[in-house]
Amino acid sequence: MIEFLFLDLDDTILDFQKAEHIALSKTLRSFGLEPTETVLKRYNLINKAHWEALERKELTRAQVLLGRFQVLFEEMGITVDPEAVARAYEHNLSIGHYFLPGAREAVEGLSKKYKLYLASNGTAKVQAGRLKSANISRFFEEVFVSQELGANKPAPEYFEKCFARIPDF
């Protein structure tokens, strides 16, 4: 009998693509870069490459969070403080939540049958803000954010750390 369910937050419950687009566009504009389709596509490629390098343990999380903006703005010929851009982006992202169709209802229904756990590779501050804004934390026994655990999904260490914190798992 199934007792525990692990759910991912981004692009399972909340529409990360939409939240990212809105937060990124707002952030880029505030630092003098118009979020054209070309700029957004370039950011997505840089961002993806940075997260893949993290998974291969070639970069740290801090290097990803700053480096993606540093590379983008350097390529666009704009001098900025990448830490300021990263802070603004995280703030903008943390206040935006957009449910995928039927996701809120599914989580609420599943929480009545199973012990739900949330698994996320997002940053702790951003995910805390999005969960508060979405008002869904109450449906989960615990939220496991990779930044707080010190291991990233899908690494076995991430899940080992999660499982160790669940009684009778």
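Since the structure is predicted, the reported quantities are computational estimates derived from the model, not experimental observations. (Residues numbered from 1 in each chain as written. Predicted model: local features only at pLDDT ≥ 70, side-chain atom pairs only at ≥ 80, totals over all residues. Heavy atoms only, no water.)

## Some points on the environment of glutamate 3
For the record, the criterion: Secondary structure follows DSSP: runs of H or I at least 4 residues long count as helices, runs of E at least 2 residues long count as strands, and numbering of each begins at the N terminus. Here, two residues are considered to be in contact whenever any of their heavy atoms come within 4.5 Å of each other.
Mapping glutamate 3 onto the fold places it in the segment before strand S1 (4–8). If we ignore the near neighbours within four places in the chain, the residues touching glutamate 3 are Tyr114 and Lys115.

## Quick word on helix H3 (residues 61–75)
Selection rule: Residue count minus one, scaled by 1.5 Å, sets the expected span of a helix. To get the bend at a residue, fit one axis to the 7 residues ending there and another to the 7 starting there, then take the angle between the axes. To sort residues, take the accessible area from a 1.4 Å probe on protein chains only and compare it with the maximum for the residue type: under 20% means buried, over 50% means exposed, and anything in between is partly exposed.
Across its 15 residues, H3 extends 21 Å between first and last C-alpha, which sits within 8% of the 21 Å expected from 1.5 Å per residue. The largest bend in H3 comes to about 30 degrees, at glycine 67. Considered for burial, the residues of H3 that qualify are Arg61, Val64, Leu65, Gly67, Arg68, Phe69, Leu72 and Phe73. Of the surrounding elements, those touching the buried residues of H3 are helix H1 (16–30), helix H2 (37–55), helix H4 (82–94) and helix H7 (146–149). One or two positions beyond H3, positive phi appears at glycine 77, with a value near 75 degrees.

## Considering the sheet that holds strand S2 (residues 115–120)
Which entries qualify depends on this criterion: Two strands are counted as paired when DSSP detects at least two bridges linking them. Helix axes are fitted to C-alpha atoms over the stretch in contact, other axes to C-alpha atoms as well, and angles between N-to-C directions run from 0 to 180 degrees.
Sheet architecture is open: three strands sit in the order S1-S2-S3, paired in parallel fashion. The open sheet has two edge strands, S1 and strand S3 (142–145), and neither has a second partner. Neighbouring strand axes in the sheet, compared pairwise and without regard to direction, differ in orientation by 25 degrees on average. With five bridges connecting them, S1 and S2 associate as parallel partners. Paired with phenylalanine 6 across the two strands is tyrosine 117, which belongs to S2.

## Overview of the side chain of aspartate 10
To keep things clear, this is the line we draw: The definition of a polar contact used here is a pair of N or O atoms within 3.5 Å, where within protein one atom must be able to donate a hydrogen and the other to accept one, and adjacent residues in sequence count solely through side-chain atom pairs.
Mapped onto the secondary structure, aspartate 10 falls in the loop between S1 and H1. Of the residues examined, aspartate 10 reaches a relative accessible area of 17% and is grouped as buried. Of note is the side chain of aspartate 10, whose polar atom sits 3.0 Å from the side chain of glutamine 127. Of the polar contacts made by the side chain of aspartate 10, one reaches the side chain of arginine 130; its length is 2.3 Å. Not counting the four nearest positions on each side in its chain, aspartate 10 is found in contact with Phe16, Ser120, Gln127 and Arg130.

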